Amino acid sequence: MRRFICLVIFCFAGCSAVFAQQDSTASRADTPRRYVRVPRPMTVLDSVAHALALEEKFVSDSLSMVYILKPDSTRTSLFVDSILKSNAYTGNHYLDIAAHANTKPSIKGYGHLRPSRDPWVVAIIVVLILFIPVLNIYSSKDMNNVFLSFYNKRSMAQAGKEDSPINAWTFIGLFLLFGFTFGIFLYLLTTGYYKVYYPISGFQLFATLSLVIIGLFAIKFLALKFLGFVFDINKLVGDYITALSLTYFNITFVFLPVALCFSLIADKFFPYLLAITLLLTIVVFVWQYLRSSVSIITNFQFHKFYLFIYLCALEICPILILVKALNIGFK
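My aim in this report is to walk through the structure given alongside it, one point at a time. Bear in mind that the values here come from a model prediction, so they are computed numbers and not experimental data. (Residues numbered from 1 in each chain as written. Predicted model: local features only at pLDDT ≥ 70, side-chain atom pairs only at ≥ 80, totals over all residues. Heavy atoms only, no water.)

Let's shift gears to the pattern of salt bridges. According to the stated counting rule, one finds one salt bridge in the structure shown. A salt bridge links Asp-239 to Lys-235, with the shortest nitrogen-to-oxygen separation between them at 3.1 Å. Residue Asp-239 and its partner Lys-235 are both found in helix α10 (residues 234-264); the two are separated by four residues, about one turn of the helix. (Salt bridge = Lys/Arg side-chain N within 4 Å of Asp/Glu carboxyl O. Helix = DSSP H or I, 4+ residues; strand = E, 2+ residues; numbered from the N terminus.)

Turning our attention to the packing of helix α8 (residues 168-193) against α10. One way to put it is that α8 packs onto α10 with a least axis distance of 8 Å and a crossing angle of 40 degrees. Here α10 runs oblique to α8, going by the angle between their axes. In terms of crossing hand, the pair formed by α8 and α10 is left-handed. Packed against α8, whose contacting residues are Phe-171, Leu-174, Phe-175, Leu-177, Phe-178, Thr-181, Phe-182, Ile-184, Phe-185, Leu-188 and Leu-189, the element α10 presents Ser-245, Tyr-248, Phe-249, Thr-252, Phe-253, Phe-255, Leu-256, Val-258, Ala-259, Phe-262 and Ser-263 at the interface. Partitioning the contact of α8 with α10 into residue classes produces 18 nonpolar, four polar and no charged. (Axes fitted to C-alpha atoms, helices over the stretch in contact; angles between N-to-C directions. Parallel < 35°, antiparallel > 145°, perpendicular 65-115°, else oblique. Left-handed = near helix turned anticlockwise from the far one by under 90°. Contact = heavy atoms within 4.5 Å. Nonpolar A, V, L, I, M, F, W, Y, C, P; charged D, E, K, R; others polar.)

For the rest of this paragraph, the subject is the packing of helix α5 (residues 119-138) against α10. Contact pair α5 / α10: the axes reach a minimum separation of 10 Å and the direction vectors enclose 155 degrees. It follows that α5 is roughly antiparallel to α10 by the angle criterion. Of the two elements, α5 crosses α10, and the hand of that crossing is left-handed. Along its contact with α5, which presents Val-121, Val-122, Ile-125, Leu-128, Ile-129 and Ile-132, the element α10 presents Phe-253, Leu-256, Ala-259, Leu-260, Ser-263 and Leu-264. Residues belonging to the contact of α5 with α10 are distributed by class as follows: 11 nonpolar, one polar and no charged.

Below, the structure written as structure tokens:
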């Protein structure tokens, strides 16, 4: 009996194993097969291709950020923050805006108009300067007498003994040089420094001033000649006219560089230049005109009242009339 029971159990276990093997075989046939891909090792060419792909993706992302995508509004801008921090108002609800404005000096202001002078002014001055060597070429002896009359007293006395220290053409040339030089000086003084406005302006004003000065001094010399003829003192008047003309011609060489400086420097330097010009004019006038006039007057005895009348009528009064007519004065 025991053997029979063992045999039954053994048979039942064998059948169970056979059926289980059949079920597993059927299940394996019914289910699909799965393949696992084993990665192969990366070569140098693969790493290069991968790097190029990453670079291409980076460039495309950058271009899309610039041309396609909008900037991120939540990103912090350090530049904007610095501007707001330095310029934004942080006061007490604008109640202290006046005090806040006074604490910081304003960088705003009004510009200054820089006056520009006419180009023809410099051209006229250059022509006048070049006119001096032309006179020196054609009459060097007469120009030498003009310069020596200021430095050498003996040369001045010798010039007074002669009929004329310079010939007529040199006298006319220097006289025209004096008139146009004084005209351009008055033009720059009235329009550039005193800011006086006239019905005419520009080159027309300069030509008018020059012609008026030439006409006034020509009338003065003719009046002196007439007085010498009337009172029969032609020799005395001739010496005086020589001393007077040499003084004017030497003053011309002072006013010409001054006029050039007037046309180039700024307006704020005009007072200093005028002071230097006035000083040099007084030196030339005292050194040459008074020295020559005193030597001429001592050789001829006459009442000093006549000298006073002459100085007021023909020397001082025309200058005052000219200043009044031009509407200029001392600032």
